[in-house]
Each structure stands twice: as structure tokens, then as C-alpha cells.
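Observations on chain architecture
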Amino acid sequence: MEFIIYEEQDNIAIITINRSRALNALNSNVLKELDKVLDRVNLDRIRALIITGSGDKSFVAGADISEMHKLTKAEGEVFGKRGNDVFRKLETFPIPVIAAVNGYALGGGCELAMSCDIRICSENAVFGQPETGLGITPGFGGTQRLARLISVGKAKEMIYTARNIKSEEAYRIGLVNGVYPQEELMEQALKMASNIAKNAPIAVRAAKKAINEGLDADMNSAVKIEEVLFGSCFETEDQQEGMAAFLEKRKANPFMNK
Ligand code: CAA
């Protein structure tokens, strides 16, 4: 792959968007490769995924403006769908995904981070949806996910004014879970990923599904979704070992994803 670096550390996968000459901006080829690499993740073995950008300046500086600037209305819609399809795949990816935002997360970059389950960032990170200043709307999920993640009023302010925000403000409004010095960011992402990976994978994945699907449903349907997923964890080897270890006052054996 030309624009994606894929690595594994034990049961954690790391995807790095690697198009540093354009600050990791997303053109169609980067989106295609991102889509492909997700299919390659071995979900029997890998328990958490980290997404970051190459270099120390930019996570992703947006969708590629040079590719977009000549698009027709119809082509614009197709380009939006391409991004939306990949980001939705990421959002519904069976295992937790952490965005390690190591610099600019603008437009499609902010939207990529918002498609992940959890965002942490470096002190130099800058978030924003600058699209209205370019004559377009956010088009890879920004109008939908930002308003769901932070307050509706704040999301509208960010999108209408196209004002970028720094890491401290992103933390204050709940867009990121933590801010770290650049050199500690990956270490912190890996620490969080390995804390996730220690827990029973079937339960973690069921929890992700319950949260995501429940948020899209009314409360009566949402609790039903939870009940089914809660039930699905029983009779698994990991549930039996986790509970037996508690009752026998011993440390549980490593979970086997069974
Ligand atoms: N698309 C295409 N190329 C980009 C890019 C983008 N989104 N962002 C940066 N680049 C390119 C620049 O054109 C430049 O290339 P050249 O060296 O060939 O000229 C290179 O990356 C380095 O960028 P700068 O020289 O601009 O670097 P800087 O440090 O002066 O500024 C920046 C950094 C503030 C991030 C600035 O690059 C910038 O504003 N980028 C655009 C950010 C943006 O508007 N993103 C939203 C895009 S629209 C979108 O994402 C739509 C959607 O929702 C789907």
C-alpha cells in the first residue's frame, strides 16, 4: 500500500495514514487503501485498533482539496459517499478503535477521528470543520457526528464559523478524552489499547455494538438491544472463567476470545 502503514504489536493493530507531502490529506486512493486495510485486520487475534497520521504535524488535514475542487454536484456526492462508507465501516468495526490525533485534524481528519470510538490527542493538535470556508459542507459525517459528540450548539458554531480549536478546547468540550505531549501520545494510545485488549473480547465487542446501536434507537428498543448482547456473553469460556475467578478469589486466566 502506498498511503497506509499497517503494523501489529501483540494483539493491537496500528494504522498510520501516510501521505505526509499533503499533511496526510485523504484523496480517493487513501480512502480505498483505508477500506482495504480494515478488511485485512485479523479479528480473531487483534483486539483493538489505533489510527494515527505520519509525522508530528498532522493527523489528517482533511479531504484532498486538489481532488475536490473540480468535482460536479454528482461527483461531489459520490466522493462524499466514498468517505462516508469507509468511516461508517470504521465506526461499526467490531473492535474498539482509538484515534491518536497527532496534529491537524481538520475537515475529513476531524471526521475520521470522530468515526473512532475514542480520541486522544497531542498538545499541538488542532480540530476543526473548515468546509464552509471552502464553499462546501462537512461531507464525511461531520454534520452528523460532531453534533452527536459535543453539544449541538457548539457543533453548529464550529461548522458555521469554520473556526479551528486547539487541543485544550477539544478536551474541554469533550471531543477528546485526553491531551498528551506529542512524544507520549502513542505510548498512551497503546496503554489504553492494551487495557482494552486485556478484557474479554466478546464482551468488549458486544459493549461497542450495544452502545452504538442503542444510541441510534429509542430507549425501549435500546434496552432490548442491550439485553440480547448481554445474553450473548453467557456460556462463553471467557464469561465462565471471569466469573469463576471472582468467585474463587483468584486472578482470571487470560481471556481467549471464546
Ligand atoms: N488537501 C490537499 N492538500 C493539502 C490539504 C488538503 N486538505 N491540506 C494540506 N495540503 C497540502 C498543501 O497544499 C501543501 O502542499 P504543497 O506543499 O504541495 O503546496 C502541503 O499539504 C503542506 O500544507 P501547507 O503548506 O498549507 O502547510 P501549513 O503548515 O502552512 O498549513 C494547514 C497547514 C493549516 C493544515 C493547511 O494546510 C490547511 O489549511 N489545509 C487545509 C485544511 C482544510 O481546509 N481541510 C478541510 C478540507 S475539506 C474536507 O475535508 C471536506 C470533507 O468534509 C469531506
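In this text the structure is predicted, and so the values were computed from the model without any measurement. Position numbers for residues count from 1 along each chain, tracking the sequence in the order it is written. Given that this is a predicted model, residues contribute local features only at a pLDDT of at least 70 and side-chain atom pairs are listed and counted only at 80 or more, while totals for whole chains, interfaces and linings are drawn from all residues. Hydrogens and water molecules were not included; the side-chain quantities draw on all heavy atoms of the structure.

This paragraph deals with the packing of helix H9 (residues 201-215) against helix H10 (residues 219-233). Between the N-to-C directions of two axes lies an angle of 0 to 180 degrees, each axis being a line fitted to C-alpha atoms and, for a helix, fitted only over the stretch in contact. Helix and strand definitions follow DSSP, with helices as H or I runs of at least four residues and strands as E runs of at least two, each counted in order from the N terminus. Following both chains from N to C, one finds H9 and H10 inclined at 170 degrees, their axes separated by 9 Å at the closest point. Taken together, the axes of H9 and H10 lie roughly antiparallel to each other. On the side of H9, the interface is formed by Ala203, Ala206, Lys209, Ala210, Glu213 and Gly214, while H10 contributes Ala222, Ile225, Leu229, Ser232 and Cys233. Residue classes in the contact of H9 with H10 are distributed as seven nonpolar, two polar and two charged. Roughly parallel here means an angle under 35 degrees, roughly antiparallel means over 145, roughly perpendicular means 65 to 115, and every remaining angle is called oblique. When checking whether two residues touch, look at their non-hydrogen atoms; a contact exists if any pair is within 4.5 Å. All residues other than Ala, Val, Leu, Ile, Met, Phe, Trp, Tyr, Cys, Pro, Asp, Glu, Lys and Arg, Gly among them, are scored as polar; the first ten of these are nonpolar and the last four charged.

Another point: the site of the ligand. Proximity is defined per residue: if any heavy atom of the residue lies within 4 Å of a molecule or strand, that residue is considered near it. For the ligand, the set of nearby residues contains 23 residues, the closest of which are Lys57, Ala63, Gly108, Glu111 and Glu131. Separating an oxygen atom of the ligand from a side-chain N or O atom of lysine 57 is a distance of 2.6 Å. By the criterion applied in these results, polar contacts are pairs of N or O atoms within 3.5 Å in which, for protein atoms, one can donate a hydrogen and the other can accept it, and in which residues neighboring in sequence qualify only through two side-chain atoms. Glycine 108 has a polar backbone atom sitting 2.8 Å from an oxygen atom of the ligand. The protein chains hide 61% of the 980 Å² of surface that the ligand would expose on its own. Here the accessible surface of atoms and residues is derived via Shrake-Rupley with a 1.4 Å probe, and residues count as covered only by protein chains that are part of the display.

Attention now goes to a nonpolar patch on the surface. The grouping of Ile65, Leu134 and Ile136 at the surface amounts to a nonpolar patch, some 260 Å² of accessible area in total. Relative to the assigned elements, isoleucine 136 resides in the loop between strand S8 (126-128) and helix H5 (142-149). For every residue, the accessible area (1.4 Å probe, protein chains only) is compared with the maximum for its type, and the residue is labelled buried under 20%, exposed over 50%, or partly exposed between those bounds. Exposure remark for isoleucine 136: the relative accessible area of 36% places this residue in the partly exposed category. Only residues whose relative accessible area exceeds 30% and that take part in no salt bridge are eligible for patches, with like-charged residues grouped when within 9 Å of each other and nonpolar side chains (Val, Leu, Ile, Met, Phe, Trp, Tyr) grouped when within 5 Å. We define a salt bridge as a side-chain nitrogen of Lys or Arg found within 4 Å of a carboxyl oxygen belonging to Asp or Glu.

Another aspect to go through is the pattern of salt bridges. Pairs can form between side chains of opposite charge once their charged atoms are near each other. Counted under the stated rule, the structure contains 17 salt bridges. Lysine 208 is the partner of aspartate 117 in a salt bridge, and the nearest nitrogen-oxygen pair spans 2.8 Å. With aspartate 117 in the loop between helix H4 (108-114) and strand S7 (118-122) and lysine 208 in helix H9, the pair connects residues that are 91 residues apart, well separated along the chain. Residue classification places aspartate 117 among the partly exposed residues on the basis of a relative accessible area of 29%. With a shortest N-O distance of 3.1 Å, arginine 163 and glutamate 169 are connected by a salt bridge. Given the relative accessible area of 33%, arginine 163 is considered partly exposed. With a relative accessible area of 14%, glutamate 169 lands in the buried category.

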